[in-house]
Amino acid sequence: MPNRTPTKGNLLALKRSLTLARLGYDLMDRKRNILIREIMGLLDRAAEIQGRIESTFADAYTALRSANITLGQHMDLAETVTLDDSVGIRFRSVMGVEIPIVSAVEEQENTVPYGFALTNSRLDEARGGFVRVKRLTRELAEVETSIYRLAVAIKKTQKRANALQNIIIPDFTRGVKFISEALEEKDREDFSRLKLLKSRKPV
């Protein structure tokens, strides 16, 4: 709570605090707008990736069904797929919010883990479709995590901006008004007292 004793020092301190609070609100408002713009772009991208995943999954399963019909179910082919632990995560900062960037080693995905003698093109199509789904899923995870982090940051920024706008700035404004009026009243009293003393002084 700022000191409300009506002195010039307290008035200057309150005015400085009020200026800083207004500057803080402007910065929070700017940050919120930038984060909202960022999240809107990511929401569109997430919807687009989700649609691509669904259509790619559907095509891959159609190709897999066709491969199962023509080749029979080969569980041994499924066992040739290697464990993928190639995902790496880096971060970029948007107004202080850490946004993930998911990357992977693509060479593993381009290596076919089975021979071509006992397979056909439908199996290759199925495998290619599931590889694309894996890549898109990584991309979707990156975008959805970014959306979540940005949403949390927007909520915090909104709360701080609201506190500055509705509580702190009005409080400092009232304090400046109170001290200014008290000092003006004191100046008027001093002026009246001086006039009275002058009028009583013998000529």
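Residues numbered from 1 in each chain as written. Predicted model: local features only at pLDDT ≥ 70, side-chain atom pairs only at ≥ 80, totals over all residues. Heavy atoms only, no water.

Caption draft 1: How the structure looks around the nonpolar core. One finds Leu35, Ile49, Val97, Val143, Ile147 and Leu150 to be the most contacted residues of the largest nonpolar core, which totals 16 residues. Going through the elements one at a time, helix H1 (8-71), strand E2 (97-103) and helix H4 (121-200) are the ones with two or more residues in this core. Setting aside its immediate chain neighbours within four residues, valine 97 contacts Leu35, Arg92, Arg149, Leu150 and Ala153. (Core = buried A, V, L, I, M, F, W, Y, C linked by side-chain atoms within 4.5 Å. Buried < 20%, exposed > 50% of the residue type's maximum accessible area, 1.4 Å probe, protein only. Helix = DSSP H or I, 4+ residues; strand = E, 2+ residues; numbered from the N terminus. Contact = heavy atoms within 4.5 Å.)

Caption draft 2: Inspection of the pairing of strand E1 (residues 88-94) at higher detail. In this structure, E1 lies alongside E2, joined through 7 bridges in antiparallel fashion. Residue pairing for E2: arginine 90 is matched across the bridge by isoleucine 101. Linking two consecutive strands that pair antiparallel, namely E1 and E2, is a turn of 2 residues; a positive phi of about 50 degrees is found at methionine 95 within it. (Pairing = 2+ DSSP bridges.)

Caption draft 3: Inspection of the pattern of salt bridges at higher detail. For the structure on display, the rule yields 7 salt bridges. Put simply, glutamate 139 and arginine 45 hold a salt bridge, and the shortest N to O gap is 3.5 Å. Residue glutamate 139 is found in helix H4, and its partner arginine 45 is found in helix H1; the two are separated by 94 residues along the sequence. On the basis of relative accessibility, which here comes to 24%, the residue glutamate 139 falls in the partly exposed class. Put simply, glutamate 142 and arginine 45 hold a salt bridge, and the shortest N to O gap is 3.9 Å. Here arginine 45 lies in helix H1 and glutamate 142 lies in helix H4, a separation of 97 residues in the sequence. Note on glutamate 142: relative accessible area 13%, which makes it buried. (Salt bridge = Lys/Arg side-chain N within 4 Å of Asp/Glu carboxyl O.)

Caption draft 4: Representation of the packing of aromatic side chains in the model. Applying the stated rule across the entire model yields 3 aromatic pairs. Relative to phenylalanine 130, the ring of phenylalanine 57 lies with its centre 6.1 Å away and its plane at 70 degrees, an arrangement referred to as edge-to-face. Remark: phenylalanine 130 occurs in helix H4 and phenylalanine 57 occurs in helix H1; sequence separation between them is 73 residues. For phenylalanine 130, a relative accessible area of 26% puts it in the partly exposed group. (Phe/Tyr/Trp six-rings, centres within 6.5 Å; stacked < 30°, edge-to-face > 60°.)

Caption draft 5: Examining unusual backbone geometry more closely. Even without glycine at this site, methionine 95 takes up a positive phi of about 50 degrees. Tracing the chain through its elements places methionine 95 in the loop between E1 and E2. Residue classification places methionine 95 among the partly exposed residues on the basis of a relative accessible area of 37%.

Caption draft 6: Highlighting the environment of threonine 62. Note on placement: threonine 62 falls in helix H1. By relative accessible area, threonine 62 is classed as partly exposed at 38%. Taking the C-alpha atoms as reference, threonine 62 lies 9.0 Å from arginine 122; in sequence the two are 60 residues apart.

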